[in-house]
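So the chains spell out like this:
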Amino acid sequence: PASIIKIATALTALELLGATHQYKTEFYLRQNTTLVIKGYGDPFLSSEYISDISRALKRLDIKRIDKIVIDGSSFFTPAAADGSEGTDNPYDVSNGAIAVNFNSIAVQVKKDQSVSSGEPQTPLLELTRIIGGHLGPGLHRVNVSAYDTGTQIDNSLRYTAELFAEFLTRQGVRVSNTIEAGRVDDSCTLIYTFTSPKNLVALVRDCLEYSNNFIANQLFLSSGATLFGYPATWEKGRKAMLQVLEKHFGINCDAVKIREGSGLSRQTRITPFFML
């Protein structure tokens, strides 16, 4: 079935989230100097948008950040999508409540092994340098989760925190390099909410044009959470999709086995009727 599954994922998302749905990411302050970032699955949180967010936070008169905490609790995805082989290929990236640049990182390695960012809109990060040390000369875009970077925090969350830290530093905010995974609690004050300029129609168009596995599975997981409540899980996504397909086409759920939303899984089983 492969990426034909993305058509069913798109239909499910449009049905459950709605064509005008826009993802949100929340920013909190704890004790004035800890920035807590909570994501809800925005599949298009890119460097360009993070630059805009950093300018917005600077306008709130934030001068110092001693710690960045990343809250990914709205998704519970301890395992990668079924079918992922954990390679460094961008199509094998993991999914989560908060991830930047599609959970892939662009790295330029020169013949002398010096490392730089592989794209102009994304600054050079410590994570870029570490991953570049594993790569040969050339321009690469790789799955950030495929490398051991010697820290306890998940590479995806680290990537998010480092990118925000760098863009905030460029805005004149003094940012320490302390980052951790955590959760929003009663000590946190909401200071800013970023609403993605891309609505669901635009996200679906991008997903299908590029057959992007990461976007597809973010939509798949979000659909399940919308129907069955947060946190998003793979099982909720599967149940949500089957309900939508049964509603529209009368497809017997027992005759269809959907494991995830991108078509990556080799365990997906569908009939020729479903394919058509």
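**Overview of the nonpolar core**
Argument step 1. Counting residues in each nonpolar core, the largest one holds 48 residues, and the members touching the most others are Phe27, Ile37, Ile105 and Ile131.
Argument step 2. The greatest single-element share of this core, amounting to 8 residues, is contributed by helix α4 (residues 155-170).
Argument step 3. The contacts of Ile131, once residues within four sequence positions are left out, are Ile105, Val107, Val142, Val144 and Tyr147.
Argument step 4. Counting 18 residues, the second-largest nonpolar core is a separate cluster that includes Ile5, Ala225, Met241 and Leu242.

**Description of helix α7 (residues 234-249)**
Argument step 1. For α7, with 16 residues, the first-to-last C-alpha span of 22 Å sits near the 22 Å given by 1.5 Å per residue.
Argument step 2. Of the residues making up α7, those classed as buried are Trp234, Lys236, Gly237, Arg238, Ala240, Met241, Leu242, Val244 and Leu245.
Argument step 3. Backbone geometry just after α7 places Gly250 at a positive phi near 65 degrees.

**With respect to the packing of aromatic side chains**
Argument step 1. Inspection of the entire model under this criterion finds 7 aromatic pairs.
Argument step 2. On the numbers, 6.0 Å between centres and 45 degrees between planes, the contact of Phe27 with Tyr192 is tilted. Taken together, the positions of Phe27 in strand β1 (residues 24-30) and Tyr192 in strand β10 (residues 188-195) put the pair 165 residues apart, joining distant regions of the chain.
Argument step 3. Given a relative accessible area of 0%, Phe27 falls into the buried group.

**Concerning the side chain of Thr12**
Argument step 1. Examined against the element boundaries, Thr12 turns out to sit in helix α1 (residues 5-16).
Argument step 2. Engagement of the side chain of Thr12 in a polar contact is seen with the backbone oxygen of Ala8, the distance being 2.8 Å.
Argument step 3. Sequence-distant contacts of Thr12, defined by excluding residues within four places in its chain, comprise Ser223, Ala240, Met241 and Val244.

**Quick look at a nonpolar patch on the surface**
Argument step 1. Where nonpolar side chains cluster on the molecular surface, the patch consists of Ile4, Ile7, Leu208 and Met275 and spans about 340 Å² of accessible area.
Argument step 2. By the secondary structure assignment, Met275 is in helix α8 (residues 272-275).

**Thoughts on the sheet that holds strand β5 (residues 104-109)**
Argument step 1. Ordered by their spatial adjacency, 3 strands build an open sheet running β6-β5-β7, and the pairing between neighbours is antiparallel. The open sheet has two edge strands with one neighbour each: β6 (115-117) and β7 (138-143). Direction aside, the axes of adjacent strands within the sheet are offset by 35 degrees on average.
Argument step 2. Here β5 pairs with β6 via 3 bridges, running antiparallel.

Calculation criteria
- Residues numbered from 1 in each chain as written.
- Predicted model: local features only at pLDDT ≥ 70, side-chain atom pairs only at ≥ 80, totals over all residues.
- Heavy atoms only, no water.
- Core = buried A, V, L, I, M, F, W, Y, C linked by side-chain atoms within 4.5 Å.
- Buried < 20%, exposed > 50% of the residue type's maximum accessible area, 1.4 Å probe, protein only.
- Helix = DSSP H or I, 4+ residues; strand = E, 2+ residues; numbered from the N terminus.
- Contact = heavy atoms within 4.5 Å.
- Expected span 1.5 Å × (residues − 1).
- Phe/Tyr/Trp six-rings, centres within 6.5 Å; stacked < 30°, edge-to-face > 60°.
- Polar contact = N/O pair within 3.5 Å; in protein donor to acceptor, adjacent residues only side chain to side chain.
- Patch = residues over 30% accessible without salt bridge, like charges linked within 9 Å, V, L, I, M, F, W, Y side chains within 5 Å.
- Areas by Shrake-Rupley, 256 points an atom, 1.4 Å probe, with all protein chains shown as cover.
- Salt bridge = Lys/Arg side-chain N within 4 Å of Asp/Glu carboxyl O.
- Pairing = 2+ DSSP bridges.
- Axes fitted to C-alpha atoms, helices over the stretch in contact; angles between N-to-C directions.

Nothing here speaks to function; it is geometry throughout.
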